[in-house]
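# Architecture at a glance
Residue-level listing of the chains:
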Amino acid sequence: MGKSTNDFSQGSIVSNILKLAVPMTTAQLINVLYNIIDRIYIGRIPENSTLALTGLGLCLPIISMVTAFANLFGMGGAPLCSIERGKGHIKEAEDIMGNSFLLMVLAGVALTVLGLAFKRPMLYLFGASDMTYPYADQYISIYLLGSVFVMIGLGMNSFINSQGFGTIGMMTVLLGAVANIILDPVFIFVLDMGVQGAAVATVLSQFLSALWIVCFLTGKRTILRLKPSSCRLNRKRVVSIVGLGMSGFTMSITNSLVQIVCNASLQQYGGDLYVGVMTVINSVREVVSMPVSGLTNSAQPILGYNYGAKEYGRVKKAIIFTSVVSIIYSLITWGFVHGFPEFFIRIFNQDEALVQAGIPAMRIYYFGFFMMSLQFAGQAVFVGLGKSKRAVFFSIFRKVIIVIPLIFLLPIVLGNGTDGVFMAEPISNFLGGGACFLTMLLTIWPELSEKGKKNP
């Protein structure tokens, strides 16, 4: 009876969001360190550091695929838990969590088997050359063995955060990240394992995070408990989880697809050097976009809980706060990246050829970066309120309908090679981000106003 109930329909809506956002954003920033730290260390290997870094970059689409399935069941189940908890349906919320957990384990095993079976053709499809393939192969072969740990570590942490235990969620990734920071130099340099050492360190770190999560969700402090009886799959429940999780899944899968097309096109127009530049750009993007992702993800449980509790005025306040803060942050970040691109590049690699090629590429890629925040904010509202179809549509719209065709067309139409490839991202941010946010305002806002009148 003494357990916290974390009632999001009480108190300041801003305070509720920040209570989750601060630890969740910190946690997600720390979580980025899993792969970022790998790239920083690998970029400093005495011999062939640029080739090794490029090889690791070629693995990013596969890593995004694993993340996609973690999002499918984590971001699909966690908002449903919040909605059911807001309605007072604790048993159903626990069953949703249990079903999501089992789905993650099964998907993790399947991804390991399929990934190891098809890694060679996939990596060459993704832009590998005979020079970079060995490094990519060494990393991904070990990383895939830990897919189940990655799935649990990324996906199930959403269920901790959705219950309001943001600090516990932060500790999950802090544990793994600190372990990774310590283990990386040991395996890479001390044991002289190179790229393989980075993968071993990452898998061991994810194992620790997964173990922490399972211990907490089966313990006494949690509101919703992970039980064997809740892990029995129910068709209707699985369909609901997958349906809502398709937004996060689609975003990760389309990110993977865009990375594949980018790397293949850059290999065609610029060779291994520009695939390496794209690896650095992706690494910087993971860091600078994470606060917006953390804030919007933190808002989802608040949005879902209050929507389930019929507190529509509080939902509108949450939308306003999340959108305004996201836009302000991304405007400031754009200024820093545009003004000091060399600083960000040298975090990952000191090769002068890569630095000189990367400076103009960074400025093109991040132009109008603030429009990206509109996509995040719009997606968060759709997912938080259970509007999965709209969230999925705008994920596909920006990446598949806009970005990928532009990657192929711009270098040909404009005749500017690699610059055309990098231009596709900012154009998609303006078109896709603007369309997503405007649609959210024109559809969700009137609905909340109308329901608010009926339930004052």
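It should be noted that the structure appears before, not after, this text.
Reference entry: report on the structure contained in this document. For every chain, the first residue of the written sequence is number 1, and numbering continues from 1 onward in sequence order. Predicted model: local features are reported for residues with pLDDT of at least 70 only, side-chain atom pairs are reported and counted for 80 or more only, and whole-chain, interface and lining totals are derived from all residues. The side-chain values count all of the structure's non-hydrogen atoms but skip hydrogen atoms and water molecules.

Let us now look at the overall build of the protein chain. A tally of regular secondary structure across the protein chain gives 17 helices and zero strands. For a compact globule the rule gives 2.2 Å times the number of residues to the power 0.38, and the radius of gyration it is set against comes from C-alpha atoms. Over its C-alpha trace the protein chain gives a radius of gyration of 21 Å, about what one expects of a compact globule, namely 23 Å for 456 residues. Burial classification: accessible surface area is computed with a 1.4 Å probe over protein chains only, and a residue below 20% of its type maximum counts as buried, one above 50% as exposed, and the rest as partly exposed. Looking at the protein chain as a whole, 61% of its 456 residues qualify as buried. Residue pairs at least 24 apart in sequence account for 83% of intrachain contacts in the protein chain once pairs closer than 6 positions are excluded. Put simply, DSSP H or I for four residues or longer makes a helix, DSSP E for two residues or longer makes a strand, and each gets a number counted from the N terminus. Contacts are assigned to residue pairs that have any heavy atoms within 4.5 Å of one another.

Mapped onto the elements of the fold, Arg285 is located in helix 11 (residues 272–308). Pairs of N or O atoms are called polar contacts if they sit within 3.5 Å, as long as, within protein, a hydrogen donor faces a hydrogen acceptor (for residues adjacent in sequence, only side-chain-to-side-chain pairs). For Arg285, the side chain forms a polar contact with the side chain of Tyr365, separated by 2.8 Å. The residues contacting Arg285, other than those within four sequence positions of it, are Gln259, Met290, Tyr365, Tyr366, Lys399 and Glu425.

Bringing the packing of helix 12 (residues 312–339) against helix 15 (residues 371–384) into the picture now. Axes here mean lines fitted to C-alpha atoms, for a helix over just the part in contact, with angles spanning 0 to 180 degrees between N-to-C directions. Packing of helix 12 against helix 15 brings their axes to within 9 Å, and their N-to-C directions diverge by 160 degrees. As summarised for this structure, helix 12 and helix 15 are arranged roughly antiparallel, according to the angle between their axes. Along this stretch, helix 12 crosses helix 15, giving a crossing that reads as right-handed. Taken together, the residues of helix 15 that come into contact with helix 12 (itself represented by Ile319, Ser323, Ser326, Ile327 and Ser330) are Ser373, Leu374, Ala377 and Val381. Looking at the contact of helix 12 with helix 15 residue by residue, the class counts come to five nonpolar, four polar and no charged. Every angle not falling under 35 degrees, over 145, or within 65 to 115 is termed oblique; those three ranges are roughly parallel, roughly antiparallel and roughly perpendicular. Each crossing is labelled by how the near helix is turned from the far one, with a counterclockwise turn of less than a right angle marking it left-handed and a clockwise turn marking it right-handed. Only Asp, Glu, Lys and Arg are considered charged, only Ala, Val, Leu, Ile, Met, Phe, Trp, Tyr, Cys and Pro nonpolar, and every remaining residue, Gly among them, polar.

On to the nonpolar core, then. We define the nonpolar core as a collection of buried residues of types Ala, Val, Leu, Ile, Met, Phe, Trp, Tyr and Cys that are connected through side-chain atoms lying within 4.5 Å of one another. Of all hydrophobic cores here, the largest spans 137 residues; its most connected members are Tyr139, Met156, Ile281, Tyr366 and Phe422. The contacts of Ile281, once residues within four sequence positions are left out, are Ala361, Met362, Tyr365, Tyr366 and Phe422.

Before going further, it helps to examine the packing of aromatic side chains. For Phe, Tyr and Trp, where Trp contributes only its six-membered ring, two rings pair if their centres lie within 6.5 Å, and the inter-plane angle classes them as stacked under 30 degrees, edge-to-face over 60, or tilted in between. Scanning all chains against the criterion turns up 19 aromatic pairs. On the numbers, 5.2 Å between centres and 70 degrees between planes, the contact of Tyr365 with Tyr366 is edge-to-face. For the pair Tyr365 and Tyr366, a shared accessibility class is recorded, and that class is buried. Through a chain of ring-to-ring contacts, the aromatic side chains of Trp334, Phe367, Phe370 and Phe430 assemble into a single cluster. Above the plane of the ring of Tyr133 lies Arg120, whose end atom (NZ or CZ) is 4.9 Å from the centre. Charge-over-ring contacts are defined here by two conditions on Lys NZ or Arg CZ: a distance within 6 Å of the ring centre and an angle within 35 degrees of the ring normal.

What follows concerns the pattern of salt bridges. In what follows, salt bridge is the name for a side-chain nitrogen of Lys or Arg lying within 4 Å of a carboxyl oxygen of Asp or Glu. A full pass over the atoms with the stated rule returns nine salt bridges. For Glu94, the salt bridge identified is with Lys227, shortest N-O distance 3.2 Å. Within this pair, whereas Glu94 is found in helix 4 (residues 90–125), its partner Lys227 is found in the loop between helix 9 (194–217) and helix 10 (235–269), the two being separated by 133 residues in sequence. Take Glu94: its relative accessible area is 8%, and that puts it in the buried class. Given a relative accessible area of 32%, Lys227 falls into the partly exposed group. Each of Lys91, Glu92, Asp95 and Arg237 takes part in salt bridges that share partners, so that together they form one network.

A few words on helix 6 (residues 147–155). A large share of helix 6 lies buried, amounting to seven of its nine residues. Listed in full, the buried residues belonging to helix 6 are Ser147, Val148, Val150, Met151, Ile152, Gly153 and Gly155. Residues of helix 6 that are buried in the fold lie against helix 3 (60–87), helix 4, helix 5 (133–143), helix 7 (157–162) and helix 9.

Secondary-structure assignment places Lys119 in helix 4. Lys119 sits 87 residues away from Val32 along the chain, and the two C-alpha atoms are 24 Å apart. Ignoring anything within four residues of it in the chain, the contact list for Lys119 reads Asp137, Ile140 and Ser141. Reaching out from Lys119, the side chain makes a polar contact with the side chain of Asp137 at a distance of 3.1 Å.

Bringing the packing of helix 11 against helix 14 (residues 352–365) into the picture now. Two elements in contact, helix 11 and helix 14, have axes whose closest approach is 9 Å; the angle formed by their N-to-C orientations is 55 degrees. The angle between helix 11 and helix 14 falls in the class oblique. Handedness of the helix 11/helix 14 crossing: right-handed. Contacts from Leu273, Tyr274, Gly276, Val277, Met278, Val280, Ile281, Asn282, Val284 and Arg285 of helix 11 reach helix 14 at Ala353, Leu354, Ala357, Gly358, Ala361, Met362 and Tyr365.

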